[in-house]
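Read off the chains here:
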Amino acid sequence: MFRQLRLTMDISGWIFMPWRRSLSNKQSPPPPLASTINDVIVDYDDPDYLPLPEYPVRPNEPLDIRKQRLLYQSRKRGMLENDLLLSTFAAKYLDNFNAEQTAQYDQLINGVSNDWDIYYWATDVKPTPKEYDTEIMRLLKDHVKNAERISRIRQPDLYSSES
């Protein structure tokens, strides 16, 4: 019982802490989640002894099936930033890609072992390696700049409402 009372007091202290701070004239400490604008990105290379699985090549996959797979994979990346960037990119451009452009996009999103690399390259935080600096990557970088100022706070619908 004492432990529950102590836990309740601790929780209520956390809830009312900002209110108490505003009533006091003391200089309050900075909030725990301060701005990250000046943070340095620490990125480590994958160790040589760690074998990375290779993505299976699908040479006989029909183009329409490949585009459907890439559309799904663009939406389900495992990190929200890439889900939003790649799903809106795929919805806008993927249908009009020819076979070579589709293969480049497939290599970009499935050949890289770390999704943060794709994000950093697309946002120009890190330089894009030569093997991924393709027409598709340049198109993705233009898409990320969002010159049209389109709101991208959610993934586009899979199918238009007109269908």
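For clarity, every value in this text was computed on a predicted model and none was experimentally measured. (Residues numbered from 1 in each chain as written. Predicted model: local features only at pLDDT ≥ 70, side-chain atom pairs only at ≥ 80, totals over all residues. Heavy atoms only, no water.)

Draft legend 1. Inspection of helix α6 (residues 135-145) at higher detail. Where α6 is concerned, the buried positions are Ile136, Met137, Leu140, Lys141, His143 and Val144. For α6, the arc enclosing every buried residue in end-on projection is 160 degrees, short of the 170-degree limit, so these residues lie on one face. The inward-facing, buried residues of α6 abut α3 (80-93), α4 (99-111) and α5 (115-122). Asn146 sits one or two positions beyond α6 and adopts a positive phi of about 55 degrees. (Buried < 20%, exposed > 50% of the residue type's maximum accessible area, 1.4 Å probe, protein only. Helix = DSSP H or I, 4+ residues; strand = E, 2+ residues; numbered from the N terminus. Arc of directions from axis to C-beta. Contact = heavy atoms within 4.5 Å.)

Draft legend 2. Representation of unusual backbone geometry in the model. Backbone geometry at Asp124 places phi at a positive 60 degrees, although glycine is not the residue there. Relative to the assigned elements, Asp124 resides in the loop between α5 and α6. Positioned with a positive phi, Arg149 is a non-glycine residue whose angle comes to about 55 degrees. Along the polypeptide, Arg149 turns up in the segment after α6.

Draft legend 3. A look at the packing of helix α2 (residues 63-75) against α3. It is the contact of α2 with α3, at a shortest axis distance of 7 Å, that shows an interaxial angle of 150 degrees. With respect to each other, α2 and α3 are oriented roughly antiparallel. Residue-level inspection shows Leu71, Ser74 and Arg75 of α2 in contact with α3, the latter providing Asn82, Asp83, Leu86, Ser87 and Ala90. Partitioning the contact of α2 with α3 into residue classes produces three nonpolar, three polar and two charged. (Axes fitted to C-alpha atoms, helices over the stretch in contact; angles between N-to-C directions. Parallel < 35°, antiparallel > 145°, perpendicular 65-115°, else oblique. Nonpolar A, V, L, I, M, F, W, Y, C, P; charged D, E, K, R; others polar.)

Draft legend 4. Geometry of the nonpolar core. With 20 residues, the main nonpolar core has Phe89, Phe97, Tyr105, Leu108 and Leu140 as its most contacted residues. Where this core is concerned, the elements lending two or more residues are α3, α4, α5 and α6. For this core, the element with the most residues is α3, which contributes five residues. With sequence-adjacent residues up to four places away left out, Phe89 is seen in contact with Leu94, Phe97, Tyr105, Ile136, Leu139, Leu140 and His143. (Core = buried A, V, L, I, M, F, W, Y, C linked by side-chain atoms within 4.5 Å.)

Draft legend 5. Geometry of the pattern of salt bridges. With the rule as written, the count across this model stands at 10 salt bridges. A salt bridge links Glu61 to Arg69, with the nearest nitrogen and oxygen atoms 2.8 Å apart. Across the pair, Arg69 and Glu61 agree in class, each one buried. When the shortest N-O distance is used, the salt bridge between Asp157 and Arg154 registers 2.9 Å. Arg154 carries the same exposure label as Asp157, and that label is exposed. When salt bridges that share partners are traced, they join Glu61, Arg66, Arg69 and Asp106 into one network. (Salt bridge = Lys/Arg side-chain N within 4 Å of Asp/Glu carboxyl O.)

Draft legend 6. Spatial organisation of the packing of aromatic side chains. Overall, the coordinates contain eight aromatic pairs when judged by the stated rule. Where Phe97 meets Tyr105, the ring centres are 6.2 Å apart and the plane angle is 65 degrees; that geometry is what we call edge-to-face. The burial state of Phe97 is the same as that of Tyr105; both residues are buried. Considering the side-chain rings of Trp116 and Tyr119, the 5.6 Å spacing of their centres and the 90 degrees angle between planes classify their relative orientation as edge-to-face. Separated by three residues within a single helix, Trp116 and Tyr119 lie in helix α5, roughly one turn from each other. (Phe/Tyr/Trp six-rings, centres within 6.5 Å; stacked < 30°, edge-to-face > 60°.)

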